[in-house]
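Spelled out, the chains give:
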Amino acid sequence: MTDTAAVSLPPSAIPDLSGKEFWTMTARQRDESFAALRQWDELTFQRPPEMSLTPAQHGYWAAVRHADVRYVSRHPELFCSGEGVTLDEAPAELNELAAAFLPTDAPKHTRLRRLVTHAFTARRVRTIQEQIERQAKAIVETAVAADSVEVVRDVSMRLPLWTISEMIGVPEDRREEMYDAANVLVGTADAEFVADTENAMLALLGGIGRLHDLAHDMVDRRRVEPRDDLMTALVQAEVEGETLTADEIASFLCLLAVAGNDTTRNTITHSIKAFSDFPDQWALLRSDVDSHLGTAVEEMVRWATPVHLFRRTAVTDTEIRGQRIRAGDRVVMFYASANRDESVFDDPWRFDITRTPNDHLGFGGGGPHFCLGAHIARAQVRAVFRELARNVAGFEAGKPDFIVGNLIHNVRSLQCTFTRA
């Protein structure tokens, strides 16, 4: 390990990415530190993070450039996921319970991902997309009729929660339970979701337990009474004689409840705020939705960057841009920084729905862990903003209230007034 590794820069000049204070800043303020780091040739070594479920013991190398994040993502033979993917130094058993194949490597990752992918048939995906479009229409029509809304509650959280519930087949009387448990999984540092943040680990285990109870109950029911839903498909999925266990399905539900909910929800929320701040871009989108919506969705994902970071661990001695990385060292990929990299994106703090090319890393930097649900997330964002473009002439959004955390770029609430078309 190189926790005490020196860098050629004076320590006083290295921005601190590990303190809780850093994560209470706005994205624009944080990017001042990232921008400084992007200008240096070498990677910097950061102290152990303050925001961790258990006392953090290890520092990490910060990958803040677009090229570095992509390189780490696309070389799983050098940088593994099996030692954990977040800044939390959680036990491996906990990661296995809560994140399915995310904190795994080949061959286990290959097996689990292949089985889950096998359940997403072309027909099922088409059905999901049709359902998304119908639900987006109803959500937007209800919100616009109210004129003034709280965006998270009234718009952005409703579609992903509904999509996940419908896709999996979660009973209506247990959907709120799933949503609340998912909030705990990503909000352990927030008093709204975890009343006693000193006992965040217990709260996290409780949230995981509730999701596992839900999943096991559904698995048992689908084995007796199969339905036309994803849970049945997961129960029945088989590739070369292999199937998913009930625990593996439960872990996937935990992953889906967070990755399929918080990421899309926050992309929609951040984008409504962006269109409020850049009204010319909203006017441009409305002028020709069919022409601009595709590139607009990519810019929304880049702008929001709903996942702040993921971690990898070096499995062998290697280098990144000449910086020696030893086996066992942790490397953290800061997607928020990569998506504002001036060497890749012209004027990165300009929200531009015509940005082409737009090589953002909002769904990861490629490689075997590229977001499995990227196409569904795009479909949700596309459906919401197509309906908004039909019904809303403009937005007047307030200041977002953020949930402090170093994993998800999470907005608790955003007040907004719609001008009807």
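Residues numbered from 1 in each chain as written. Predicted model: local features only at pLDDT ≥ 70, side-chain atom pairs only at ≥ 80, totals over all residues. Heavy atoms only, no water.

### Observations regarding the overall build of the protein chain
Right, so step 1: A count of helical and extended segments in the protein chain gives 17 helices and 12 strands.
Right, so step 2: In summary, the protein chain has a C-alpha radius of gyration of 21 Å against a globular reference of 22 Å for 421 residues, a match within 12%.
Right, so step 3: Split into buried and exposed, the 421 residues of the protein chain put 57% on the buried side.
Right, so step 4: When contacts within the protein chain are restricted to residue pairs at least 6 apart in sequence, those whose partners lie at least 24 apart make up 74%.
Right, so step 5: Working note: accessible area of the protein chain is about 17,500 Å², and carbon and sulfur atoms make up 50% of it.
Right, so step 6: If the 46 positive side-chain charges of the protein chain are averaged to one point and the 62 negative ones to another, these points end up 4 Å apart. (Helix = DSSP H or I, 4+ residues; strand = E, 2+ residues; numbered from the N terminus. Rg over C-alpha atoms; globule rule 2.2 N^0.38 Å. Buried < 20%, exposed > 50% of the residue type's maximum accessible area, 1.4 Å probe, protein only. Contact = heavy atoms within 4.5 Å. Areas by Shrake-Rupley, 256 points an atom, 1.4 Å probe, with all protein chains shown as cover. Lys, Arg positive; Asp, Glu negative; His and termini not counted. Charge placed at Lys NZ, Arg CZ, Asp CG, Glu CD.)

### Re the sheet that holds strand β4 (residues 148–150)
Right, so step 1: The strand order across the open sheet built from three strands is β4-β12-β9, with neighbouring strands paired in antiparallel fashion. Every other strand in the sheet has two partners, leaving β4 and β9 (392–397) as the edge strands with one partner each. Geometrically, the sheet is characterised by an average inter-axis angle of 30 degrees between neighbouring strands, direction not taken into account.
Right, so step 2: Of the strand pairs in this sheet, β4 and strand β12 (residues 415–420) are connected by three bridges, and their pairing is antiparallel. Bridge assignment links valine 149 to a residue of β12, and that residue is cysteine 416.
Right, so step 3: Packing against the sheet, helix α13 (residues 262–277) makes contact with β9 and β12, and its axis sits at approximately 100 degrees to β9. (Pairing = 2+ DSSP bridges. Axes fitted to C-alpha atoms, helices over the stretch in contact; angles between N-to-C directions.)

### Brief notes about helix α10 (residues 200–224)
Right, so step 1: Between its terminal C-alpha atoms α10 stretches 37 Å, which fits the 36 Å expected from 25 residues at 1.5 Å a residue.
Right, so step 2: Three or more residues of α10 are buried, namely Ala200, Leu204, Gly207, Ile208, Leu211, His212, Leu214, Ala215, Met218, Val219 and Arg222. (Expected span 1.5 Å × (residues − 1).)

### A short note on the packing of α13 against helix α17 (residues 374–391)
Right, so step 1: With their axes 10 Å apart at the nearest point, α13 and α17 run at an angle of 35 degrees to one another. Taken as a pair, α13 and α17 cross one another with a handedness that is right-handed. The residues of α17 that touch α13, namely those facing Thr264, Thr267, Ile268, Ser271, Ile272 and Phe275, are Ala377, Gln380, Val381, Val384, Phe385 and Leu388.
Right, so step 2: Residue composition of the contact of α13 with α17, by class: eight nonpolar, four polar and no charged. (Left-handed = near helix turned anticlockwise from the far one by under 90°. Nonpolar A, V, L, I, M, F, W, Y, C, P; charged D, E, K, R; others polar.)

### Here's the deal with the side chain of serine 276
Right, so step 1: Topologically, serine 276 is positioned in helix α13.
Right, so step 2: With relative accessibility at 15%, the residue serine 276 sits in the buried group.
Right, so step 3: Polar contacts involving the side chain of serine 276 include one to the main-chain amide nitrogen of alanine 397, which spans 2.9 Å.
Right, so step 4: Setting aside chain neighbours within four positions, we find serine 276 in contact with Phe395, Glu396 and Ala397. (Polar contact = N/O pair within 3.5 Å; in protein donor to acceptor, adjacent residues only side chain to side chain.)

### A closer look at the sheet that holds strand β3 (residues 79–80)
Right, so step 1: Reading across from one edge, β1-β2-β8-β5-β3 is the order of the five strands in this open sheet, with mixed pairing throughout. A single partner strand is all that each edge strand has here, and the edge strands are β1 (44–46) and β3.
Right, so step 2: Pairing of β1 with strand β2 (residues 60–63), which is carried by three bridges, proceeds in the antiparallel orientation. Bridge assignment links threonine 44 to a residue of β2, and that residue is alanine 62.
Right, so step 3: Of the strands in this sheet, β2, β3, β5 (309–314) and β8 (330–334) touch helix α3 (residues 66–73), which is tilted by about 125 degrees from β8.

### Re the state of the cysteines
Right, so step 1: Within the structure shown, the criterion is met by zero disulfides.
Right, so step 2: A disulfide-free cysteine, cysteine 254 has its sulfur positioned 17 Å from the sulfur of cysteine 371, the nearest such atom. (Disulfide = S-S within 2.5 Å.)

### Some remarks on the confidence of the model for the protein chain
Right, so step 1: Per-residue confidence for the protein chain gives a mean pLDDT of 88; residues scoring 70 or more make up 92%.
Right, so step 2: In this model, residues 1–7 is a region of pLDDT below 50 whose contacts with residues beyond four sequence positions or in other chains number 19 contacts. (pLDDT = per-residue confidence, 0-100.)

### Looking at the pattern of salt bridges
For side chains of opposite charge, pairing can occur when their charged atoms come near one another.
Right, so step 1: The full count for this structure, using the stated rule, is 25 salt bridges.
Right, so step 2: Its salt-bridge partner being arginine 47, residue aspartate 16 comes within 2.8 Å of it at the nearest N-O pair. Of this pair, aspartate 16 sits in the segment before α1 (20–23) while arginine 47 sits in the loop between β1 and β2, placing them 31 residues apart in sequence.
Right, so step 3: On the basis of relative accessibility, which here comes to 36%, the residue arginine 47 falls in the partly exposed class.
Right, so step 4: Each of Arg174, Glu177, Asp217 and Arg221 takes part in one network of salt bridges that share partners. (Salt bridge = Lys/Arg side-chain N within 4 Å of Asp/Glu carboxyl O.)

### Considering the packing of aromatic side chains
Right, so step 1: Per the counting criterion, the structure on display carries 18 aromatic pairs.
Right, so step 2: The interplanar angle of 50 degrees and the centroid separation of 5.7 Å between the aromatic rings of phenylalanine 275 and phenylalanine 385 together place this pair among those described as tilted. One end of the pair, phenylalanine 275, is in helix α13; the other, phenylalanine 385, is in helix α17, and 110 residues separate them in sequence. For the pair phenylalanine 275 and phenylalanine 385, one class covers both residues: buried.
Right, so step 3: Three or more aromatic residues link up through ring pairs in this structure, and these residues are Phe275, Phe278, Trp282, Trp303, Trp349, Phe351, Phe385, Phe395 and Phe418.
Right, so step 4: In this arrangement the basic side chain of arginine 340 is found over the ring face of tryptophan 303, its NZ or CZ atom lying 4.8 Å from the centre. (Phe/Tyr/Trp six-rings, centres within 6.5 Å; stacked < 30°, edge-to-face > 60°. Lys NZ or Arg CZ within 6 Å of the ring centre and 35° of its normal.)

### With respect to the packing of helix α6 (residues 122–145) against α17
Right, so step 1: Where α6 contacts α17, the two axes come as close as 9 Å, and the packing angle between them is 35 degrees. Judged by the sense of rotation from one axis to the other, the crossing of α6 with α17 is right-handed. In contact with Val125, Ile128, Gln129, Ile132, Glu133, Ala136, Lys137, Val140 and Val144 of α6, α17 contributes His375, Ile376, Ala379, Gln380, Ala383, Val384, Glu387, Leu388 and Asn391.
Right, so step 2: The residue makeup of the contact of α6 with α17, split by class, is 11 nonpolar, four polar and three charged.

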